[in-house]
Amino acid sequence: MKWDILFKNGTIYTMNDNNPKASWVGIQAGKIIAAGLEEPNETNAEQVIDLKGQIMFPGFIDSHLHGTATGEYLQEFNLKDAKNINEILEIVKNHCQVDGDGWIKGSGLDIRNLEDKRPPSRFELDKVSKNHPVYIKNRTMHGCLLNSKAMDLLQIPEDLQGIVINEEGEKTGELSSDDSTLYAAGKINKLTSDEEIKKYIHATAKYCVSQGCTTICCLDGNMFDKSDRDFYMWMYMAEQLPLHITHFYQTEDVHKVKALGLKQIGGCLCLDGATFEGTMAAREPYNEKLYPKGILYWSDERLYRFLKRANEEGLQTAMHAIGDAAIDQYLRVYEKVYNELGLEGNPNRNRIEHFSLVWPDQIKKAISMGLILSMQPIFTYTWDKKKDNVYEALMDKKRADRMEPFAEIVINGGIIAGGSDSPVTAPSPLKGIHAAVNLEKEWKRLSVHEAIRLFTVNGAIANRQEDKKGTIEAGKLADFVVLDADPYENADRIQNLKVMMTVVEGKVVFEHKYD
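About the criteria used
Residues numbered from 1 in each chain as written. Predicted model: local features only at pLDDT ≥ 70, side-chain atom pairs only at ≥ 80, totals over all residues. Heavy atoms only, no water. Helix = DSSP H or I, 4+ residues; strand = E, 2+ residues; numbered from the N terminus. Rg over C-alpha atoms; globule rule 2.2 N^0.38 Å. Buried < 20%, exposed > 50% of the residue type's maximum accessible area, 1.4 Å probe, protein only. Contact = heavy atoms within 4.5 Å. Lys, Arg positive; Asp, Glu negative; His and termini not counted. Charge placed at Lys NZ, Arg CZ, Asp CG, Glu CD. Pairing = 2+ DSSP bridges. Axes fitted to C-alpha atoms, helices over the stretch in contact; angles between N-to-C directions. Phe/Tyr/Trp six-rings, centres within 6.5 Å; stacked < 30°, edge-to-face > 60°. Lys NZ or Arg CZ within 6 Å of the ring centre and 35° of its normal. Arc of directions from axis to C-beta. Polar contact = N/O pair within 3.5 Å; in protein donor to acceptor, adjacent residues only side chain to side chain. 1 Å grid on protein atoms, 1.4 Å probe; cavity = no way out; pocket = protein on both sides within 12 Å on 5 of 7 lines; lining within 4 Å. Points joined across faces, edges and corners; volume = space filled by probe spheres on them. Nonpolar A, V, L, I, M, F, W, Y, C, P; charged D, E, K, R; others polar. Right-handed = clockwise from strand over helix to strand, strands pointing away. Core = buried A, V, L, I, M, F, W, Y, C linked by side-chain atoms within 4.5 Å.

Draft legend 1. The overall build of the protein chain, seen in detail. Counting secondary structure elements, the protein chain contains 18 helices and 24 strands. Computed over its C-alpha atoms, the radius of gyration of the protein chain comes to 23 Å, within 12% of the 24 Å expected for a compact globule of 515 residues. A principal-axis box enclosing the C-alpha atoms of the protein chain has dimensions of 80 × 55 × 50 Å. Here the protein chain holds 515 residues, and the buried ones make up 61% of them. Of all intrachain contacts in the protein chain linking residues separated by at least 6 positions in sequence, the fraction that spans at least 24 positions is 71%. Charge separation in the protein chain, taken as the distance between the mean sites of 62 positive and 76 negative side-chain charges, equals 1 Å.

See below:
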């Protein structure tokens with residue numbers, strides 16, 4: 001049989017346990033025809049690509065990414081490296097030098113990184129923003145900052161949760177709950193043009209293929225504006241993009257999702273909020289903010305109706321649950337649906353997103369019902385250090401040690417799908433793999449092979465696509481990533497390996513250019 005392309009002379013890790021390694025792979029019409037270790041017959045190929053000893057894996061899958069927000073993050077000014085309030089104010093001041101009174105938008109605010117251990121107030125932002133309204137998103141996207149002009153324009157309803165008030169009874173400009181944050185985002189983003197959204201989409205796709213992603217699960221809708229036009233634009237533009245998109249529509253409207261021909265629903269449909277804003281729903285108090293035990297946004301009845309209706313229609317569901325109280329709620333309600341509908345084996349691949357503060361009983365129950373656990377190793381690597389541990393600064397050590405116990409889940413037979421939650425962290429599977437392998441708390445670590453599975457085999461399983469993706473074997477899509485060095489031999493520097501080539505259905509969509 002003739003091949004369109006032959007990739008040869010590489011170390012190819014297929015992630016297929018039956019035939020784990022190859023040195024060549026032949027493809028035709030975007031699919032893998034054969035792979036092997038013996039010398040290939042090059043006369044069968046119309047094109048030969050010499051890998052020159054480089055390392056090939058199945059294309060990476062980021063199972064949890066917010067596509068539009070990632071594009072915004074790549075286009076806006078970024079505060080992730082700001083060390084104090086003065087640096088933030090200087091950055092804002094520089095961006096407010098433009099004429100007029102247009103919106104000034106930023107991302108990546110992480111209060112834990114600031115020496116001041118607090119965000120700037122709206123009054124401080126007012127002094128540097130001239131006549132511009134200023135909108136700065138928290139790194140988690142579960143909170144934001146506004147200056148006075150922005151607050152005046154938005155007129156946020158007083159009854160929404162998370163409007164922070166200082167000791168003098170004044171609004172500080174900080175919004176710390178999903179309710180108020182999403183309200184502000186919706187009104188601001190309504191002003192964004194379709195052309196600007198297209199730029200966000202292309203920026204996200206371009207960056208992701210440069211990181212070796214061949215599939216991204218875009219969790220969009222219900223975050224940008226009330227029309228959800230960004231979600232529809234992702235669907236409309238999908239064929240123009242250089243990688244595969246799995247669309248998770250963040251809506252409760254099962255009928256709408258079925259009408260769109262989608263097989264999955266949800267994503268960050270949030271049962272609770274975020275750890276650092278103090279809205280993660282916990283069994284016991286863990287912070288001194290507005291909500292000491294966090295917030296549960298859904299009632300059991302609402303969750304039951306949604307999970308049952310979606311599963312009756314054969315849809316895969318994905319729900320955000322970070323804290324142990326939110327996980328308790330999900331497991332309690334899902335177990336009822338599981339028993340009523342006979343969902344043994346989890347045929348619809350229902351997922352819990354994040355699954356962060358979790359206890360052995362919860363792990364056991366989730367695994368017993370076959371639930372997919374969509375998690376982000378880079379969270380743990382970033383915030384669960386032995387020194388200056390962010391989790392331990394927020395809660396007692398016993399609970400901090402229960403945040404994202406990857407090894408325990410895998411040892412007990414759980415399926416973890418790896419993601420970035422971009423733009424919370426960069427959509428870089430190599431960084432995610434490195435994180436899972438090199439966690440400072442050794443008992444949470446995965447082996448290199450287990451970590452790579454999170455972003456290949458398990459990513460495909462988590463998205464009901466294991467018949468097409470996740471391994472390099474005959475019949476599957478020719479989706480590959482090529483690296484400059486072997487992660488098995490460089491476990492302590494996986495995040496520094498270079499993506500040399502990304503291939504989607506046999507087409508080279510990214511190639512590293514040497515300086």
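Draft legend 2. Fine view of the sheet that holds strand E1 (residues 3-8). The strand order across the open sheet formed by four strands is E5-E4-E1-E6, and the pairing between neighbours is mixed. If you trace the sheet from one side to the other, it starts and ends with strand E5 (31-36) and strand E6 (45-50), each paired once. Mean inter-strand twist for the sheet, computed between neighbouring axes without regard to direction, equals 20°. As paired strands, E1 and E6 are joined by five bridges and run parallel to one another. Residue tryptophan 3 lies in a different strand from E6, and its bridge partner there is alanine 45.

Draft legend 3. The environment of lysine 513, seen in detail. Tracing the chain through its elements places lysine 513 in the segment after strand E24 (507-511). A sequence separation of 13 residues divides lysine 513 from methionine 500, and the C-alpha atoms of the two residues are 8.2 Å apart.

Draft legend 4. View of the packing of aromatic side chains. Overall, the coordinates contain 14 aromatic pairs when judged by the stated rule. Residues phenylalanine 231 and tyrosine 249 carry aromatic rings whose centres are separated by 4.1 Å and whose planes lie at 15° to one another, so their mutual orientation is stacked. Taken together, the residues phenylalanine 231 in helix H7 (residues 229-237) and tyrosine 249 in strand E16 (residues 244-249) connect sequence positions 18 residues apart. Here phenylalanine 231 matches tyrosine 249 in class, with each residue buried. With a centroid separation of 6.4 Å and an interplanar angle of 20°, the aromatic rings of phenylalanine 276 and tyrosine 391 are classed as stacked. Here tyrosine 391 lies in helix H13 (residues 390-394) and phenylalanine 276 lies in the loop between strand E17 (264-270) and helix H9 (300-312), a separation of 115 residues in the sequence. By relative accessible area, which is 2% here, tyrosine 391 ends up buried. One aromatic cluster in this structure is built from Phe276, Phe379, Trp383 and Tyr391. One Lys or Arg, lysine 336, reaches over the ring of tyrosine 304 and ends 4.4 Å from the middle of that ring.

Draft legend 5. Focus on helix H2 (residues 85-95). Regarding H2, the residues found buried are Ile85, Ile88, Leu89 and Val92. Down the axis of H2, the smallest arc covering the buried residues is 95°, so these residues share one side. Check the buried side of H2 and you find it contacts strand E9 (77-78), strand E10 (104-109), helix H3 (122-126) and strand E11 (134-138). Where H2 begins, one side-chain oxygen reaches toward the backbone nitrogen of asparagine 86, 3.2 Å away; that side chain belongs to asparagine 84.

Draft legend 6. Empty space enclosed by the protein, seen in detail. Summed over the entire model, instances satisfying the criterion amount to four cavities of 30 Å³ or more. When residues of the lining of the largest cavity are traced back to their parent elements, those giving at least two are helix H1 (67-75), E11 and helix H5 (178-189). Per element, the largest residue contribution to the lining of the largest cavity is four residues, and it comes from H5. When grouped by side-chain class, the residues that make up the lining of the largest cavity number seven nonpolar, four polar and four charged.

Draft legend 7. Quick peek at the pairing of strand E20 (residues 372-375). Residues of E20 alternate between two faces, with Ile372 and Ser374 on one and Leu373 and Met375 on the opposite face, all of them buried. Crossover handedness for the path strand E19 (residues 351-354) to helix H11 (residues 360-368) to E20: right-handed. Summarising the sheet, E20 and strand E21 (residues 415-418) pair through four bridges and their orientation is parallel. Note on E21: the bridge partner recorded for leucine 373 is isoleucine 416.

Draft legend 8. Region of the structure containing the nonpolar core. Leu307, Met319, Tyr330 and Phe355 are the most contacted members of the largest nonpolar core, which totals 92 residues. Looking at this core element by element, the count peaks at nine residues for helix H10 (residues 324-341). Residues in contact with tyrosine 330, not counting those within four places in the same chain, are Leu271, Leu303, Leu307, Thr317, Met319, Asn350, Arg351, Ile352 and Leu371.

Draft legend 9. Main features of the layout of surface pockets. Approximately 830 Å³ is the volume found for the largest pocket. Put simply, the parts of the chain that give the lining of the largest pocket at least two residues each are H5, E17 and helix H12 (377-383). The greatest single-element share of the lining of the largest pocket, amounting to six residues, is contributed by H5. A breakdown of the residues in the lining of the largest pocket according to their chemical character gives 18 nonpolar, 11 polar and 11 charged. Estimated volume of the second largest pocket: approximately 690 Å³. The wall of the second largest pocket is formed by 26 residues, among which Ile111, Lys117, Phe276, Lys289 and Leu394 lie closest to the centre. Elements supplying a minimum of two residues to the lining of the second largest pocket: strand E13 (163-165) and H13. With three residues, the single largest contributor to the lining of the second largest pocket is H13. The residue makeup of the lining of the second largest pocket, split by class, is 11 nonpolar, five polar and 10 charged.

Draft legend 10. Here's a closer look at unusual backbone geometry. In this model, serine 422 is joined to proline 423 through a cis peptide bond whose omega is 15°. By the secondary structure assignment, proline 423 is in the loop between E21 and helix H16 (429-437). Of note in the backbone geometry, asparagine 9 takes a positive phi value of approximately 60° without being a glycine. Mapping asparagine 9 onto the fold places it in the loop between E1 and strand E2 (11-13). Look at asparagine 9 and you get partly exposed, because its relative accessible area is 42%. At asparagine 346, a residue that is not glycine, the phi angle is positive and equals roughly 50°. Of note, asparagine 346 is situated in the loop between H10 and E19.

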